[in-house]
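Below are the chains, spelled out letter by letter.
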Amino acid sequence: MANERYNAREAEVRWQKTWDTQKIFQTTNEDPRPKYYVLEMFPYPSGRIHIGHVRNYTMGDVVARYKRAKGFNVLHPMGWDAFGMPAENAAMQNKIHPKDWTYENIATMRAQLKLMGLSLDWEREFATCDVDYYHRQQMLFLDFVEKGLAYRKNAKVNWDPVDQTVLANEQVIDGKGWRSGAEVEQRELTQWFFKITDFADDLLSEIDNLTRWPDKVRLMQRNWIGKSEGLQVRFQLSEEVHGHSEVEIFTTRPDTLFGASFMGLSADHPLTKELAKDNAELAAFVEECHKMGTSAAELETAEKFGFDTGLKVVHPLDSSIELPIYVANFILMDYGTGAIFGCPAHDQRDLDFARKYGLTVTPVVLPKDADPASFTVADEAYTGEGTIFNSEFLDGMSIDAAKDAVASKLEAVIIDDKPQALRKTQYRLRDWGISRQRYWGCPIPMVHCPDCGVVPEKKENLPIKLPDDINFDKPGNPLDRHPTWRDCTCPKCGKAAKRETDTMDTFVDSSWYFARFTAPWETNPTDKKAVDEWLPVDQYIGGIEHAILHLLYSRFFARAMCETGHMTVKEPFQGLFTQGMVVHETYKGEDGRWVSPAEITVSEKDGKRSAVHKETGETITIGSIEKMSKSKKNTVDPTDIIETYGADTARWFMLSDSPPERDVIWTEAGAEGAHRFIQRIWRLTLDVSEFLDFSALEKPETLSGEALALRKLTHKTLATVESTIEQLGFNRAVAQIYQLVNAIASAAKKEKLDKDASLCWVVDESMQLLLLMCSPMMPHLAEECWSQLGKEGLVSTQSWPQADSAMLTEDEITLPIQINGKKRGELTVAADADKDTIEKAVLASEPVLKALDGKAPRKVIVVPKRIVNVVI
RNA sequence: GCGGGCGUGAUGGAAUUGGUAGACAUACAGGACUUAAAAUCCUGAGGCCCUAGGCCGUGCGGGUUCGAUUCCCGCCGCCCGUACCA
């Protein structure tokens, strides 16, 4: 065995330079070969790359390199999702300008990424905070305004009354502002929205065609859009109040109308607002409702409260019944009409509410086999199937029939020239609020003119640049208090006017960057020819946390960009893969402070792992495995890993073991194991280059013994690696490669090779195929070994090899024999043996004869090429 | 609360998608080489029972099936999203 160690640090930089000077990863739009667009979700420039990035970008890089070898013109770009709150937080805490902070981070992270040897086209790089980029985003915004896809309306925000500023949901902790600790209030502001609901139906139905998306993501998007068929019903008030004579509700369960025991209004319902004007108690209740954050999780887990208005509505199907009207904190103004009827027996929230306020609970859906006389609902609402009862003319109907009967009946009732009820399709999806009262985002290019109102800025006046001379000494939006930035002239009448100071949600930036990558130099947002050729992205890779919002917003943007003539592809991502997180153990010192993995040494004794501080010797407690985070200090810096072991080790480890869609635990041992394997391939390469006389190799006519076995294994491995990479099952590809290396290593012994010329040829072929297979995953090592073996050119530019189909078939196969479903033996038969032959052989086999003991089997199940089961 | 997912040896996981559970790797133990260590190579191993051999075993409890890690129902635990974190 050769002893020279592979010097990854030296070799990796050298090969990166070679790829760079030969520009082999730069992509031109004019290339005639079939295109393949592989994209990983671009990073937020938080400061340094983390292992999660390494995992994400390695996966994409394997696909990019593999597809390049397969003959595709591959687009594999990189950029920065560079606007957002952390830059402003850094500005407040460290007195650094958000722009400087961001671009410094980008420089650091770019340098880190370059060490990984990713096959990226860096010529196309941009950051969303580049004026060039947000200039084009402002153009898109104006086009959206023109098409009615952007508009203004009121919406609620989290308001910090002490800091006098709008808070993000994550800045609200237990209902209090994170900085001031003040109780957060809901406030209404006029804000900009994108009309994503215009596309609700298309966004929903096209999910069916996203066959290369994970089912779970498709399901989540369907549920998010939340299409439901229901009935909008007008309930008449028993007496007119403030000019209101009725309240309209939306329900998906009109079949349960006879189980209604109350009506519920949102705290923001127009009637609630009217009533609160001269009802101090109600006004106080509404204010109480507003002392909550705006996030759904918070609203829905909060205890349910109601306020009895004392008003009544008349039951639409039985005028002798009157229902009380409550204002309740769990009814959202955003969904339906902001009013509901409560049927406690068949809705859990309504039931909780009814129990709290002592309202009646009348079941109207009878489960199958239940007794109508005794069926009651206690603490759990019945939401299942059944037959309608306690419901007059609906009794005995199925749920669906009753829904239809109620709809038909109320449609026919005319009040004030309008039917009392309308069948309606409702979506849970709401329009996308994009206004942010922050500095570090894309300015919304609109002007507020005292005479003309809200007017779009002229395109020729774009870009509306962010001013640099700002500070974060005071709370609130620096754009608001900038001495001059707001001042402008009205694009319509030319008089003095003010700029909009809201900036755009950073999700806007990431909703079209994939389109911009196809022609980042273009003066328009897109080069239509380029974008239509490159899109959709063939393989998009990123975290599951983006399953809904980012992906849905991007799908909306593609549609909106189609409507405004910027492209014609409406589904941006044809293939989607969601990778898991990288997690790590946590460590705590004696005083309970978090300690980073770099500060400690872990040892194992008698199966018990313990840790001590490297410098102080202090005992360290090993804690649970958690998502890597700065606050818990359980992060691993990829640059440290690359300096210690090299980029290929980091890449290989991130692909090994864990299925890519699942979380992976970063362990030092795992990294060392990956590194040992890299050294093993290098030693194997040195051995082979020493033992083989490459000039004397000749393809043998026939193969037998170990040479045949190795060649079969090599080609089978090639076929498997190919199919697993196609499925992004990298961990399985890795396991196959381990096995192949074990086999090559045992064949590549000097004494064996000296005796067997055909084995020499097979080993040479196996090594070449091995390196080609490894190249997408460990590209630097593959180059180094390729050149060590004296092969021509760069591995990175070789074509993907084709497996020899003659090597993939077996003459004989071994079938497991089961008796009563348990494995009791094996049977070797010809691969093409038919059922009868197998059955006869099985019945004559030793374990079966023994188990049957002269009796006849009850049943024999033969699954060709799989298994035989004898039932006794 | 709601929506989605995951759970297999000491550990990461594999299992041709209903057909031999534990491939491959990590950690561990023993051996070889070495003055020694590292590296490397070889060997062992799911648990239990005294062996032949057998029993148990894929979070827990049920079900469907000749056969279930895989499908169905109900629990438990953890994770993601929940519209202003990105």
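All values derive from a computational prediction rather than experimental measurement. (Residues numbered from 1 in each chain as written. Chains lettered and ligands numbered in written order. Predicted model: local features only at pLDDT ≥ 70, side-chain atom pairs only at ≥ 80, totals over all residues. Heavy atoms only, no water.)

Let's shift gears to the overall build of chain A. A tally of regular secondary structure across chain A gives 27 helices and 37 strands. Taking all 872 residues of chain A together, 54% fall into the buried category. Across chain A, the fraction of contacts at a sequence separation of at least 24, relative to all contacts at a separation of at least 6, is 71%. Put simply, chain A shows about 39400 Å² of open surface, and 48% of that area lies on carbon and sulfur atoms. When the 104 basic and 132 acidic side-chain charges of chain A are each reduced to a single mean position, those positions are 2 Å apart. (Helix = DSSP H or I, 4+ residues; strand = E, 2+ residues; numbered from the N terminus. Buried < 20%, exposed > 50% of the residue type's maximum accessible area, 1.4 Å probe, protein only. Contact = heavy atoms within 4.5 Å. Areas by Shrake-Rupley, 256 points an atom, 1.4 Å probe, with all protein chains shown as cover. Lys, Arg positive; Asp, Glu negative; His and termini not counted. Charge placed at Lys NZ, Arg CZ, Asp CG, Glu CD.)

Turning to the side chain of Thr337, a few remarks are in order. When you line up the elements, Thr337 lands in the loop between β12 (322-328) and β13 (339-342). Each residue touching Thr337, except ones within four places of it in the same chain, is listed here: Gln232, Glu248, Ile249, Phe250 and His269.

Asn169, Arg438, Arg680, Lys823 and Asn869 are the nearest of the 67 residues found near RNA strand B. When the atoms of RNA strand B within 4 Å of the protein are grouped by moiety, sugar and phosphate amount to 65% of the total. Within the backbone of Ser435, a nitrogen or oxygen atom sits 3.3 Å from a base nitrogen of RNA strand B. In the model, a phosphate oxygen of RNA strand B is placed 3.4 Å from a nitrogen or oxygen of the Arg866 side chain. Among the elements that make up the surface near RNA strand B, the one with the highest residue count is helix α22 (residues 730-747) (six residues). Per-class residue counts for the surface near RNA strand B are 26 nonpolar, 18 polar and 23 charged. (Near = heavy atom within 4 Å. Polar contact = N/O pair within 3.5 Å; in protein donor to acceptor, adjacent residues only side chain to side chain. Nonpolar A, V, L, I, M, F, W, Y, C, P; charged D, E, K, R; others polar.)

This part is about the packing of helix α1 (residues 8-22) against helix α25 (residues 779-788). Here α1 crosses α25 at 90°, and the two axes come no closer than 9 Å. With respect to each other, α1 and α25 are oriented roughly perpendicular. Counting all contacts with α1, which are made through Ala11, Glu12, Arg14, Trp15, Gln16 and Trp19, the residues of α25 involved are Pro779, His780, Glu783, Glu784 and Ser787. (Axes fitted to C-alpha atoms, helices over the stretch in contact; angles between N-to-C directions. Parallel < 35°, antiparallel > 145°, perpendicular 65-115°, else oblique.)

What follows concerns the confidence of the model for chain A. Per-residue confidence for chain A gives a mean pLDDT of 90; residues scoring 70 or more make up 97%. Here the predicted complex scores 0.93 on pTM and 0.92 on ipTM. (pLDDT = per-residue confidence, 0-100.)

Before going further, it helps to spend a moment on the sheet that holds strand β2 (residues 73-75). Taken in spatial order, the four strands make up an open sheet running β2-β1-β26-β27, and their pairing is parallel. Either end of the sheet is taken by a strand with one partner, and the two such strands are β2 and β27 (576-579). For this sheet, the mean inter-axis angle between neighbouring strands, taken without regard to orientation, is 20°. Helix-sheet contacts for helix α2 (residues 51-69) involve β1 (35-40), β2, β26 (539-543) and β27, and the interaxial angle to β1 is about 175°. (Pairing = 2+ DSSP bridges.)

Contact geometry for α2 and helix α21 (residues 705-726): axes closest at 10 Å, N-to-C directions at 125°. Judged by the angle between their axes, α2 and α21 are oblique. Handedness of the crossing formed by α2 with α21: left-handed. Contacts between α2 and α21 involve Val62, Tyr66 and Lys67 on the former and, on the latter, Glu722, Ile725 and Glu726. Classifying every residue of the contact of α2 with α21 gives three nonpolar, no polar and three charged. (Left-handed = near helix turned anticlockwise from the far one by under 90°.)

Moving on, we come to the sheet that holds strand β36 (residues 859-863). Taken in spatial order, the four strands of this open sheet run β35-β34-β37-β36, and their pairing is mixed. Where the open sheet ends on each side, the last strands, each with one partner, are β35 (822-830) and β36. Between one strand axis and the next, the sheet turns through 20° on average, direction left out of account. Alignment of strand β34 (residues 812-819) against β35, held across eight bridges, turns out to be antiparallel. Residue pairing in the sheet places Thr814 in a bridge with Thr828 of β35. Its contacts with the sheet put helix α26 (residues 835-843) on β34, β35, β36 and β37 (867-871), and the angle it makes with β36 is roughly 125°.

Let's shift gears to helix α11 (residues 348-357). Taken as a whole, α11 has its buried residues at Asp350, Leu351, Phe353 and Ala354. Buried residues of α11, seen end-on, are gathered within an arc of 165° and therefore sit on one face of the element. N-capping of α11 is provided by Asp347, with a side-chain oxygen placed 3.0 Å from the backbone N of Arg349. One or two positions beyond α11, positive phi appears at Gly358, with a value near 65°. (Arc of directions from axis to C-beta.)

The topology assignment puts Arg676 in helix α20 (residues 668-691). Each C-alpha atom of the pair Arg676 and Thr649 lies 8.8 Å from the other, and the pair is 27 residues apart in sequence.

Turning next to the packing of aromatic side chains. Taken as a whole and judged by the stated rule, the model has 46 aromatic pairs. For the ring pair Tyr513 and Phe514, a centre distance of 6.0 Å and an interplane angle of 70° mean the geometry is edge-to-face. Each member of the pair, Tyr513 as well as Phe514, is classed as buried. Centroid distance Phe556 to Phe557: 6.0 Å. Interplanar angle 85°. Geometry classified as edge-to-face. Accessibility assignment for this pair places Phe556 and Phe557 in one class, buried. Each residue in the set Phe141, Phe144, Trp192, Phe194, Phe199, Trp432, Phe507, Tyr553, Phe556 and Phe557 is aromatic and connected to the rest through ring pairs, giving one cluster. Seen from the ring of Trp122, Lys114 lies directly overhead, with NZ or CZ sitting 4.9 Å from the centre. Geometry around Trp224 places Arg428 over its ring, the cationic atom sitting 4.5 Å from the centre. (Phe/Tyr/Trp six-rings, centres within 6.5 Å; stacked < 30°, edge-to-face > 60°. Lys NZ or Arg CZ within 6 Å of the ring centre and 35° of its normal.)

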